[in-house]
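Close look at the chain arrangement
In case you want the letters, here they are:
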Amino acid sequence: MENQYFTSDELNVKNRAFLWGDSVKVSFFVRNGELIMDEECYFFLMASMRKMRMNIPLTYTLEFFQTLFQKEIIEGKEVKNGIINFQVFRNNDGVTLAKSSVSYFYEVTEMADVLAVHQRPLELDLTKEINVNNNLLSNIRVHCPENIYGAIYAQENDLDDVILLNPNKRIARTTAGNLLFLEGDVIKVPKQTEGAYISPLMENFVTFLHKNNLADIQEHEIIAFESQKAEEILMISDEKGIFSVGKIRNKTFETTRFSELVESWKQSFNQ
């Protein structure tokens, strides 16, 4: 099924998202006909808009988004499972940019289960031609030419995605999401100060593992070589879903244990 698109106003080429990339994007998740993690996603949207100095409408309450998605997506389009990629952009109607109004655009990608690991493991590689920053705006989903470059690099080299490093040559993330590295009972996650995305989906997952003593979660500064030392690697993308990593260069990885941990997490939503 093709993605469904929705807007608050009629789109035109003069909007600042098109002209300047002046927008932020946050994902919401529909599972079994219900919004899940909606509070975490909503607060991440508000935080992202504040970081971009956007004028947040008083109508942008949690209840507003719950009602919007329930009416248009779950009931209107009868979507049972999918990812809502919600993008807010600044208009050109204010005395100053900070006082300009905002509009939104969002699309819905349907899938069998947003919490399931995609069946085909990914093949990744590192790219050292570019790097991503590790500042205040690096952790939110804003316009990022490095992601575009990385996606094209991956396509041209028959890869699924690429690992992006920060200026200190340490692992930040991929173009699509964050990486988790499993070694024994320890799961290493790049710190947000390294350039990793803030991810409500990943944070919910690692919080579940920590509370149930299923793994020792550690935030680390991870050099590029350490990707070859991991036993298993998981990639979590709020925008696209959850993926096992099967290969980086000549190193192949198992996928069993992360799949079992994700399955336990997924079952907790059914209780």
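Residues numbered from 1 in each chain as written. Predicted model: local features only at pLDDT ≥ 70, side-chain atom pairs only at ≥ 80, totals over all residues. Heavy atoms only, no water.

The next thing to look at is the nonpolar core. In globular proteins that are soluble, nonpolar side chains generally tend to be buried together. In terms of nonpolar packing, the biggest core is built from 56 residues, with Leu45, Phe69, Phe86, Val88, Tyr106, Leu180 and Phe205 touching the most fellow members. Per-domain counts for this core show at least three residues from each of domain 1 (4-110) and domain 2 (117-269). In this structure, valine 88 is in contact with Asp22, Ser23, Val24, Leu45, Met49, Met54, Tyr60, Val102, Ser103 and Tyr104, ignoring residues within four places of it in sequence. One finds Leu124, Leu126, Ile163 and Ala224 within the second-largest nonpolar core, a separate group that totals 18 residues. (Core = buried A, V, L, I, M, F, W, Y, C linked by side-chain atoms within 4.5 Å. Buried < 20%, exposed > 50% of the residue type's maximum accessible area, 1.4 Å probe, protein only. Domains from an automatic or database assignment. Contact = heavy atoms within 4.5 Å.)

Right, let's talk about the pattern of salt bridges for a bit. Enumeration according to the criterion identifies 14 salt bridges in this entry. Arginine 141 is paired through a salt bridge with glutamate 239; the nearest N and O atoms lie 3.4 Å apart. Taken together, the residues arginine 141 in strand β7 (residues 141-142) and glutamate 239 in the loop between β13 (232-237) and β14 (241-248) connect sequence positions 98 residues apart. A residue is classified by how much of its surface remains accessible, and arginine 141, at 9% relative accessible area, is buried. Its salt-bridge partner being glutamate 231, residue arginine 257 comes within 3.1 Å of it at the nearest N-O pair. Separated by 26 residues along the polypeptide, arginine 257 in helix α6 (residues 256-268) and glutamate 231 in the loop between β12 (216-220) and β13 bring together distant segments of the chain. (Salt bridge = Lys/Arg side-chain N within 4 Å of Asp/Glu carboxyl O. Helix = DSSP H or I, 4+ residues; strand = E, 2+ residues; numbered from the N terminus.)

Attention now goes to the environment of alanine 112. Mapped onto the elements of the fold, alanine 112 is located in the loop between β5 (102-110) and β6 (117-131). Each C-alpha atom of the pair alanine 112 and serine 138 lies 30 Å from the other, and the pair is 26 residues apart in sequence.

Looking at where asparagine 139 falls in the secondary structure, it is placed in the loop between β6 and β7. Looking at asparagine 139, the relative accessible area reads 9%, which means it is buried. A polar side-chain atom of asparagine 139 sits 2.7 Å from the main-chain carbonyl oxygen of glutamine 192. The contacts of asparagine 139, once residues within four sequence positions are left out, are Phe44, Gln192, Gly195, Ala196, Tyr197 and Ile198. (Polar contact = N/O pair within 3.5 Å; in protein donor to acceptor, adjacent residues only side chain to side chain.)

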